[in-house]
Structures are given as C-alpha cells and as structure tokens.
Amino acid sequence: FTGTAFGVITSIQNIGLAIFPLIVAAVYNASGGKYIPNVEFFFVSCAVAGVVVGIIMIRLDKRTGGKLYVASGEGCDEVVLNGNGGDVIVGRNPVGSVRDGDAGLFDGVEDEMYFSPLI
C-alpha cells in the first residue's frame, strides 16, 4: 500500500501545482491587478490551513498509536562504505549513530585529491 499512498500524494500535489496558479491569477484579477493584500491573504490562509491540518493529523496519530510521529530512520540498516568501492550493510542502528571506524574514513585523503567548489 505504500506505493499507492505515494502515488495518491503525488497526484494531489500535481493537482495543486496546476490549480493554485489559476486561483492566484483569479484573485489577482478580481482585486483589480493588486497583489497586496488579497493574494497575500490567500497564501497566508493556505499556510494557516496547513498548520491546522498538521496539528489535527498529529492529534489523530497520537490517539491511534503514534505510528506517523516516529523518526523515519529508527532501526534501519546502516550502510557503510568499505573502501573497495562497494557498500556493506553493517547492521541495525538508530538514527544519528556513528560507528567507531567512521571517524578515520578520510584520514589518508590529501586536499589536492578532491575538488570542492567552496574552497
């Protein structure tokens, strides 16, 4: 059912992306070509509605066991580079855990060996 859920959410998002510019244009034209305050009020209303729906979803989730309000990576498999170009799945670790061997993963790498656009 996960694939179906993602498909439904993507369809709803695409409908919103198609309809919202039309609504904004209609509000803009109805207010005599003025962007402020009517179009801004529309965006603020959408934001408030999103916050209200989010709070309602959190409350409903807490009543039904709290499955949605869990960190997404808790207990997931950790993938660690083994240095030979392949990935090795090490085991189950909580989010944010760092293995002891990860700290020295790039110890032998010189600054000239990689390119960074920030330097």
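Residues numbered from 1 in each chain as written. Predicted model: local features only at pLDDT ≥ 70, side-chain atom pairs only at ≥ 80, totals over all residues. Heavy atoms only, no water.

A.B. asks: For this particular structure, what's the right way to read the environment of K34?
C.D. replies: Structurally, K34 is set in the loop between α1 (2–30) and α2 (38–63). Of the residues examined, K34 reaches a relative accessible area of 53% and is grouped as exposed. Leave out the neighbours within four places in its chain, and K34 touches Y28 and V39. (Helix = DSSP H or I, 4+ residues; strand = E, 2+ residues; numbered from the N terminus. Buried < 20%, exposed > 50% of the residue type's maximum accessible area, 1.4 Å probe, protein only. Contact = heavy atoms within 4.5 Å.)

A.B. asks: Can you walk me through unusual backbone geometry in this structure?
C.D. replies: Excluding glycine, residues mostly carry a negative phi; peptide bonds, for their part, are mostly trans. Cis geometry is found at the peptide bond from I36 to P37, where omega equals 10°. As for its position among the elements, P37 is in the loop between α1 and α2.

A.B. asks: Please clarify how the packing of α1 against α2 should be interpreted in this entry.
C.D. replies: Each pair of packed helices gets described by two things: the angle between the helix axes and the distance between those axes. The contact between α1 and α2 brings their axes to 8 Å, and the two run at 145°. The interaxial crossing formed by α1 with α2 has right-handed handedness. Contacts between α1 and α2 pair F20, I23, V24, V27 and Y28 from the former with N38, V39, F42, F43 and C46 from the latter. Of the residues that constitute the contact of α1 with α2, the class distribution is nine nonpolar, one polar and no charged. (Axes fitted to C-alpha atoms, helices over the stretch in contact; angles between N-to-C directions. Left-handed = near helix turned anticlockwise from the far one by under 90°. Nonpolar A, V, L, I, M, F, W, Y, C, P; charged D, E, K, R; others polar.)

A.B. asks: I keep staring at the packing of aromatic side chains and nothing clicks. Help me out?
C.D. replies: By convention here, two paired aromatic rings are described through the distance between centres and the angle between planes. Applying the stated criterion across every chain, the model contains two aromatic pairs. Seen in terms of ring centroids, F20 and F42 are 5.6 Å apart; in terms of plane orientation they differ by 50°. Their pairing is tilted. Separated by 22 residues along the polypeptide, F20 in helix α1 and F42 in helix α2 bring together distant segments of the chain. Looking at F42, the relative accessible area reads 16%, which means it is buried. Summarising the aromatic geometry, the rings of F42 and F43 are spaced 5.8 Å apart at their centres and angled 55° between planes, so their arrangement reads as tilted. (Phe/Tyr/Trp six-rings, centres within 6.5 Å; stacked < 30°, edge-to-face > 60°.)

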